[in-house]
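Single-letter residue listing:
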Amino acid sequence: MEPMTARQIAAAVDGVWLNPGENVPAAAAVCTDSRALTPGCLFLPWVGERFDGHDFIDAALDAGAAGCLCARAPETLREDKFYIQVPDTRLALRALASAYRDQFSIPVIQVTGSVGKTTTKEMIAAVLGAKLKVWKTPENYNNDVGTPLTLLGLTHEHQAAVIETGMNHFGEIEYLTEMVRPDIAVISNVGDAHIQNLGSREGILKAKCEIFTHLKKEGLAVLNGDDALLDTVAVPFRTVRCGKSGHCQARITEIADHGVEGIRCTVVTEKDRYPLDIPAPGEHMAYAAAIAAAVGEALGLSREEIARGAASYVPSGSRMRVLRLSGRRMLLDDCYNANPQSVAAALEILARTDCDKRVAVLGDMGELGAIGNRAHYNMGALAAMLGVDLVFAIGSGALAGKIADGVAFSGGSVLYFPTKEEALPELRRQLGAVGTVMLVKASHAMKFEWLVKRLLET
């Protein structure tokens, strides 16, 4: 973040500077957690259901914060710090990020989607990074806290920004887009994630399309052209559809699947052909690559730069990380999140992997509402039909039982455990066999990363 004075911050958030003075320091970062402060930052107390960050203002200032925003002012104000009062610190954070974003005339790409939005964000950033200095959403900072903090991380050395935005209710994407104000809006797909809150896939589509509410007039929409619902979207912006279908302006052809080594494909546009080597498994990666190629082409990158950027892609976090062990064993760590579409893609990767034994460790998929039981049964059935040798269904609720039923009734082998801890000894035994490949997949709330860590210690 470029330094901002107390006066500039107060103007941006339409707040009241409670103790104006001449010798207070500028803020060069924004922090919402008093336990993880950057010295010289602006502390913004977040108010949650079970906590109120206002209780930690004094501790934050003692730890080196330059000043704070506050909806509730402390009883005593320090002369060496600044205090800016606002009605709501959440809305003030958005206002601050929005005003700060105005300082930058660089291209801003906003990404959303039900599945693969982080992968798409990382691929776009990798491609653009072959030519430009790119700022991108770190980790999973894609909500009402993370998105403004991401925008506030921009500096004048950046030449482009790729901002990921997530949602689970109507209005959230619009709330975030109002401060992002993208030049290019990307929707990776429309799936079943968060259908419990949004009612239907059509509801999910409507929520995702909020990304267009603040797309600049001359902006570009980049969409998955093979997604049936996205194919119904007509917006008053130049639109590029990416996919295998003949109507796509960025068409995917010549896919060669090299298993866990990655894929090779060609993306054909009206301007050029882009042969791409992508060092990550799964044919679904071709969609992220095609979207990134379309964005790169729109921003003037050459064929060589786009190809070099795609080849430099590195998976983020526990998103199909290929962890190689001794004895031709592998862990496929894909436990960051799960929904029906991403689980199907992960199981297909496992099924195509050349090995002696395939094991799938599956847990609950969250926020599926009325389709939850059926989706989990289908997940188990698919694993069996793809020839997975053994499925572990883990979870204390009914959903894991549905996974086990789906495997068993489809003729597969399955072991059920209510907890990760109970499953671990047998998981270690199974992974110990030479030539075993084990996929670990569940929604983030299941915390299956604990399993991956324990299995790596074996």
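Up top is the structure these notes are about.
Read on for an overview of the structure. (Residues numbered from 1 in each chain as written. Predicted model: local features only at pLDDT ≥ 70, side-chain atom pairs only at ≥ 80, totals over all residues. Heavy atoms only, no water.)

A closer look at the state of the cysteines
Such a bond, covalent and formed between the sulfur atoms of two cysteines, is termed a disulfide. For the structure shown, the criterion picks out zero disulfides. Cysteine C41 remains unbridged, with the sulfur of C31 as its closest cysteine sulfur at 3.4 Å. Exposure remark for C41: the relative accessible area of 0% places this residue in the buried category. Here C70 stays free of any disulfide, with the sulfur of C68 as its closest cysteine sulfur at 4.6 Å. (Disulfide = S-S within 2.5 Å. Buried < 20%, exposed > 50% of the residue type's maximum accessible area, 1.4 Å probe, protein only.)

A short note on the sheet that holds strand β2 (residues 30–31)
Across the sheet, which stays open at both edges, the five strands sit in the order β1-β5-β4-β3-β2 with mixed pairing between neighbours. Both edges of this open sheet fall to β1 (16–17) and β2, since each of them pairs with a single strand only. Pairing between strand β4 (residues 67–70) and strand β5 (residues 82–85): four bridges, direction parallel. Residue L69 lies in a different strand from β5, and its bridge partner there is I84. The strands touched by helix α1 (residues 6–13) within the sheet are β1, β3 (42–43), β4 and β5, with β5 carrying the most contacts at an inclination of about 10 degrees. (Pairing = 2+ DSSP bridges. Helix = DSSP H or I, 4+ residues; strand = E, 2+ residues; numbered from the N terminus. Contact = heavy atoms within 4.5 Å. Axes fitted to C-alpha atoms, helices over the stretch in contact; angles between N-to-C directions.)

Structural notes on the sheet that holds strand β13 (residues 263–268)
Spatially, nine strands are ordered β7-β8-β6-β9-β10-β11-β12-β13-β14 in an open sheet, and the strand pairing comes out mixed. With one partner strand each, in any of the chains shown, β7 (134–136) and β14 (273–278) form the two edges of the open sheet. Mean inter-strand twist for the sheet, computed between neighbouring axes without regard to direction, equals 20 degrees. Pairing analysis gives three bridges linking β7 to strand β8 (residues 160–164), with the strands arranged parallel.

Quick word on the packing of aromatic side chains
In the structure shown here, the tally under the stated rule is three aromatic pairs. Measuring from centroid to centroid gives 5.9 Å for F392 and F417, while their planes differ by 15 degrees, and the two rings are stacked. Separated by 25 residues along the polypeptide, F392 in strand β18 (residues 390–394) and F417 in strand β19 (residues 414–417) bring together distant segments of the chain. Across this residue pair, the class does not change: F392 and F417 are buried. Lying across the ring of Y175, R90 places its NZ or CZ 4.3 Å from the centre. (Phe/Tyr/Trp six-rings, centres within 6.5 Å; stacked < 30°, edge-to-face > 60°. Lys NZ or Arg CZ within 6 Å of the ring centre and 35° of its normal.)

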